Structure formats: C-alpha cells, structure tokens
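An overview of the molecular structure
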Amino acid sequence: MENTNSDAFVFFGATGDLAYKKIFPALQSMIRHNQFDIPIIGLSRAGWSLDYFKDWIRKSLEEDGGVDPDAFSKLTANLQCINGDYQSDATYEELCRALGAAKRPLYYLAIPPSMFGPVAQGLARLGCAAGARLVVEKPFGRDLASAQELDRVLHQSFPESSIFRIDHYLGKEAVQNLLYFRFANSFLEPIWNRNYISSVQITMAEAFGVGGRGRFYEDVGAIRDVVQNHLLQVVSLLAMDAPVGRGIDIQRDENLRLLRSVRPLDPSEVVRGQFLGYRDEKDVPKDSQVETFAALRLHIDNARWAGVPFYIRTGKCLPVTTTEVFVKLKPPHTVFDVMEPHQSNYFRFRLSPDVFISLGARVKLPGAKMVGEEEELFVQRKAADEMTPYERLFGDAIRGDAALFTRYDCVEEAWRVIDPVLGHATPVIEYEQDTWGPAEADRLIESHGRWHNPKQDGGTT
Ligand code: BG6
C-alpha cells in the first residue's frame, strides 16, 4: 500500500508559548514511543540561532517533566530553524530548500488566525502546498463571517481533506471516553434524554490568569477561546446520537447534526465576567471589556433534549483548575426523606486534571430509621491521560486521519450558535479572584438549582 504519511513537520510559530508548554514535550514523547521520526523545521520571526532554539527546547522539556537524552538528540538531530516574515516569499523559498526531498510535509500553524491565510497562500505560491497537510490551531476565525472568509482563502490552496483544524479537547482521552462510555454500555441510553435528565452543567475552571498572554486574550476572550470550540465539543459528545459506524466522517456527521439543533445563544442567557486585576496585565487596556469568565444556558431543540438546559461555565482565576460535567437526573417520587434532592441522582464526568466517572446516589444509613446519605459510586478513576492530546492528534494528522479534527461545517455551526453573544452583547461584570465568578452566574441557574462546584481533590460542593 502506498505510504501517505507526512514526511516533514513544519512548525509555524515554533518559538511561541504553545510550542514551549505543549508541543515540544509532545514531540519528545512521540519520539520516545517511536511514533515520530520525521525532520522538524521550525519557523518564527524571533531571529534565533539554531543553538539558541535547541537550548530553549531543552528548557521547555526540563520544565515539563524532563529531558530524555536519547529522544532529545533524535529531535534536535533533524531540526532546522528558519527566521522570516510570513508575508515574504523569501521565507517560503528558504522553506522549500529546507524541505529537500520531502514530498508530503505537514504544516502546523500555531500562529494568530489572521496569518493562516497569508501562510497558506505563500505555501501555494511557492509550490509547497501540493501533497501537504495543513494543521491549524483554534479559534478558526473570530466569528461566523470571518470563519467563512478564512475557509474560502484556505480552500484556494488546500482541499478540505488536507486541512486539519485542531481542537485539542478532542484529543483528550477523557473526552473520547464520554462517547465510549455512553455508547459502549446499555444502561445509559434509556435514560439519556429529556424524560430522565433535568439539566447538564459543564464547568471548565482555571485557577490561573492569562499568564502574560494579554494580547492574545484581548483578541479572543473566554467565549471565543474555549466555549466556541472545546466546550461545544463536550456538549456535542454528551448529547449526540450514536454514530452509525466508525469511519472518519461518521462521528463528525453526528457532531454536525447535534450542533444544528442547538439554538443560537440569547444574550439574556449569558453572563460575562472579568477578574479583578485583569486590566493590570501586560497589553490589556485599562478599560478592557473582554471576558475572562462566561456562564451561559444552551438549548438543544431536538426530540432527545428539548427542555433540558445545558449550562456552561468557564473562567480564569477561579478557585480550582478542573473540567467537569455534571448531569442531573430528575428526582424520584419518594416517600423517604431526601434532604438535598439536587445533590443526589447525578452522573459526574471529571475530564481533567484527573479523570473519573461517578454516579451520585442515596443509600440508607444503618439503623431503624429510613434515612439515608449521599454516596458516590466511582465507575472509573485514573490519574491523568497517558497520552497527551497533542501526541494523539499529531499522530493522527501525520497518518492523515481527520476523525478527531473539526470539520468546517461543524466550525460554522458552532459560530452560528455563538455569534449573537460575541463582542459587547452583554456587559462584563468584575469578580474577585479565587471566587466562582459574578453572582449573576448563580442567578442564571437558579431555576435548576445551583452550580455544582468541583473541588481540586475530586470532591464536590
Ligand atoms: C486552550 C486555551 O485552548 O485551552 C487556554 O487557549 C486554556 O486559555 C487551555 O487554558 C486549557 O487546556 P487544557 O488542556 O490545559 O485544559
């Protein structure tokens, strides 16, 4: 069979924050596991020498758990570094020379989305696009209109089958397990609908701020940064119907069908917050109206979910760093004392940093009285993903498997849902750091109880 694997990894934005924190550690790990043996060409505008670049990569690995001498020497033996302007033909000419005999390069773009178009055009102009794959980071566009325009521009140089839109959440083991757990068991499907589920909450909390990335964050804000992509993907995996097979597009077809039934967001059902101190961050204006927190209520208008609200909440500088899904079942009709009905009868999916699935139930306390207590049954418990999302996704992209990448029609549907609340559609409300955001977020959920606040140690309040 013809080998269609990518034969060079060309990294635009190779000296950036993402490269340092996630990409080089992922590449080292892939090399260690014999999953990566192609040359790496790093492009940037930083003007670094190759030796400086190698030292910087070494530091990134040291900070991420350690340098594996063997893997590091393989990584750097085949490493080249190109400095240049992404708008200039000279950069692409140098790249073409550096590619040498490579016929099927993978171009990975960890650069601002506004540069995706110029890079794709530059590659095509210099004849480096044929046979190549283009992997782009999220967010894909800034809204529906800009995503459509970006798509049009990329398609002038690359066919859809060669474009891989990364949403690293899809590469998370725990996120994939949502789908597996739902459809590999028979007990969930009968109750996984509006007859038994009263509401769903998804919380993606981060105890840290924007980490010096003020310029990037000012351009996106929480809704574009994680709701339009990561959290809508989680909604989709939780709510979609069973895929009818396992081909590359089958799951994405279900993803699309689900997103199509999500109602566009209503600004009155969205709360935007900003942590106190955000405006003192580097590159953030003193009157910034960008949200670092968002809470919102989504509606899925289909036969399975009509009337079941999906609450999403995310924020920086919250009390913990964790992502959890809390699926609340309708309360039973019972003659027994149930003190806090909203606290029992639920499923909890912890997606990070550790991973578990649990079921909250009430059980009788020993003794003569028919009184009970809350117990949580853990179906699965793991420390963390063994394979990082980027390892999984790069491996797939190198092999040309797009199943875990976002198809354009799904991106477009996600923007359709989000578009009405972008910009300053709702006011931004300040909140104290180390709290669960503005009180307005609590009011948003009042008609369905209260937010379940995950704890760092895996507990819940
Ligand atoms: C990124 C966002 O996509 O996801 C960041 O840009 C966020 O703001 C990050 O912190 C969270 O990802 P993870 O995998 O570390 O939970």
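Here, the structure is the one placed above.
Residues numbered from 1 in each chain as written. Predicted model: local features only at pLDDT ≥ 70, side-chain atom pairs only at ≥ 80, totals over all residues. Heavy atoms only, no water.

Considerations on the pattern of salt bridges
Side-chain pairs of opposite charge can arise whenever the charged atoms involved come near each other. This model, assessed by the stated rule, comprises 35 salt bridges. With a shortest N-O distance of 2.8 Å, E189 and R304 are connected by a salt bridge. Pair noted here: E189 is in the loop between α7 (173-183) and β7 (197-205) and R304 is in the loop between β9 (293-298) and β10 (310-315), with a separation of 115 residues, a long-range link. Across the salt bridge formed by R272 and E291, the nearest N and O atoms sit 2.8 Å from each other. (Salt bridge = Lys/Arg side-chain N within 4 Å of Asp/Glu carboxyl O. Helix = DSSP H or I, 4+ residues; strand = E, 2+ residues; numbered from the N terminus.)

Digging into the site of the ligand
Close to the ligand lie K22, K138, H168, Y169, K172, M204, E206, R213, D225, H230 and K316, which account for all nearby residues. Here an oxygen atom of the ligand and a side-chain polar atom of K138 are 2.7 Å apart. At a separation of 2.8 Å, an oxygen atom of the ligand approaches a polar side-chain atom of K316. With the chains in place, 79% of the 400 Å² that the ligand exposes on its own is no longer accessible. Looking at the shell around the ligand residue by residue, the classes come out as two nonpolar, two polar and seven charged. (Near = heavy atom within 4 Å. Polar contact = N/O pair within 3.5 Å; in protein donor to acceptor, adjacent residues only side chain to side chain. Areas by Shrake-Rupley, 256 points an atom, 1.4 Å probe, with all protein chains shown as cover. Nonpolar A, V, L, I, M, F, W, Y, C, P; charged D, E, K, R; others polar.)

Concerning the environment of F347
The residue F347 is located in strand β12 (residues 346-352) in this model. According to the relative accessible area criterion, F347 is buried, its value standing at 4%. A C-alpha to C-alpha distance of 23 Å links F347 and N229, two positions 118 residues apart in sequence. (Buried < 20%, exposed > 50% of the residue type's maximum accessible area, 1.4 Å probe, protein only.)

Coordinates in, geometry out; function isn't part of it.
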